[in-house]
Amino acid sequence: MTRGTTGRGVVLALVIAVSAGCGTPVALRTAPAAVDACDQALIGGVLVPSSQSGLAVQPTARNQEMVEVLWPFGYSAVRDLEGAMTLRDASGKEIAREGETILMGGGLGANGVWAACAGTVESAPGI
């Protein structure tokens with residue numbers, strides 16, 4: 001386990017899809033354990049592949065850089081037969097697919113990584 005500059009533990013783990021074995025598991029950067037408290041900021045953008053986080057967010061505003069994400073404990077991602085990645089919550093429910101717009105609560109750490117709050121990540125078409 002490594003520690004980021006924000007003091008939050010970070011684990012880069014290969015997670016296994018909960019759904020009926022569909023898709024190939026993708027390495028997704030997740031929190032090492034569930035947390036009781038979370039920052040209250042909001043970020044939105046397009047879900048994009050990332051070599052650091054597995055999936056990251058590309059803000060829709062012009063001239064903003066991709067934001068790496070520390071996904072909540074238990075979240076996972078799989079790559080489907082067409083090659084697109086799908087983000088799933090801790091219960092295995094599909095949240096969003098690569099290329100879709102999402103919104104999520106959390107906060108940006110001093111290391112520039114967005115720490116997402118469990119239960120706040122959602123697909124947000126049309127924003």
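Keep in mind it's a predicted model, so treat the numbers as computed, not measured.

Caption draft 1: Quick look at the sheet that holds strand β9 (residues 85–88). Read from one edge to the other, the open sheet built from four strands follows the order β3-β8-β9-β10, with strand pairing classed as antiparallel. Two strands close off the open sheet at either side, each with one partner strand: β3 (24–25) and β10 (94–97).

Caption draft 2: Layout of the state of the cysteines. Under the criterion given, the structure shown has one disulfide. The side chain of Cys38 participates in a disulfide bridge whose partner is Cys117; the two sulfur atoms lie 1.5 Å from each other. Between Cys38 and Cys117, the S-S dihedral sits near -90°, and the bridge is therefore left-handed. A residue pair is termed long-range when its members are at least 10 positions apart, and Cys38 in the loop between β4 (27–30) and β5 (41–50) and Cys117 in the loop between β12 (113–116) and β13 (122–123) qualify at 79 residues.

Caption draft 3: The pattern of salt bridges, seen in detail. Under the counting rule described, the total for this entry stands at one salt bridge. The salt bridge partner of Asp80 is Arg97, with a shortest N-O separation of 2.7 Å. You can see Asp80 sitting in the loop between β8 (76–79) and β9 and its partner Arg97 sitting in strand β10, a full 17 residues away along the chain.

Caption draft 4: Fine view of the nonpolar core. Counting residues in hydrophobic clusters, the biggest one holds 20 residues, and the most contacted among them are Leu55, Trp71, Leu87, Ile102, Met104 and Val121. Among all residues touching Met104, those that are not within four sequence positions of it are Ala41, Leu42, Ile43, Val57, Val69, Trp71, Trp114, Ala116, Thr120 and Val121.

Caption draft 5: Representation of the pairing of β10 within the structure. Across three bridges, the pairing between β9 and β10 is antiparallel. Across the sheet, the residue bridging to Arg88 is Glu94, located in β10. Connecting β9 to the antiparallel partner β10 that follows it, the hairpin turn spans five residues, and Gly92 within it adopts a positive phi of roughly 95°.

Caption draft 6: Here's a closer look at the environment of Gly92. With respect to the helices and strands, the residue Gly92 is situated in the loop between β9 and β10. Using a relative accessible area of 10% as the deciding quantity, one classes Gly92 as buried. Separated by 15 residues in the primary sequence, Gly92 and Ala77 have C-alpha atoms spaced 9.3 Å apart.

Parameters at a glance
- Residues numbered from 1 in each chain as written.
- Predicted model: local features only at pLDDT ≥ 70, side-chain atom pairs only at ≥ 80, totals over all residues.
- Heavy atoms only, no water.
- Pairing = 2+ DSSP bridges.
- Helix = DSSP H or I, 4+ residues; strand = E, 2+ residues; numbered from the N terminus.
- Disulfide = S-S within 2.5 Å.
- Salt bridge = Lys/Arg side-chain N within 4 Å of Asp/Glu carboxyl O.
- Core = buried A, V, L, I, M, F, W, Y, C linked by side-chain atoms within 4.5 Å.
- Buried < 20%, exposed > 50% of the residue type's maximum accessible area, 1.4 Å probe, protein only.
- Contact = heavy atoms within 4.5 Å.

Distances and angles like these do not, on their own, reveal function.
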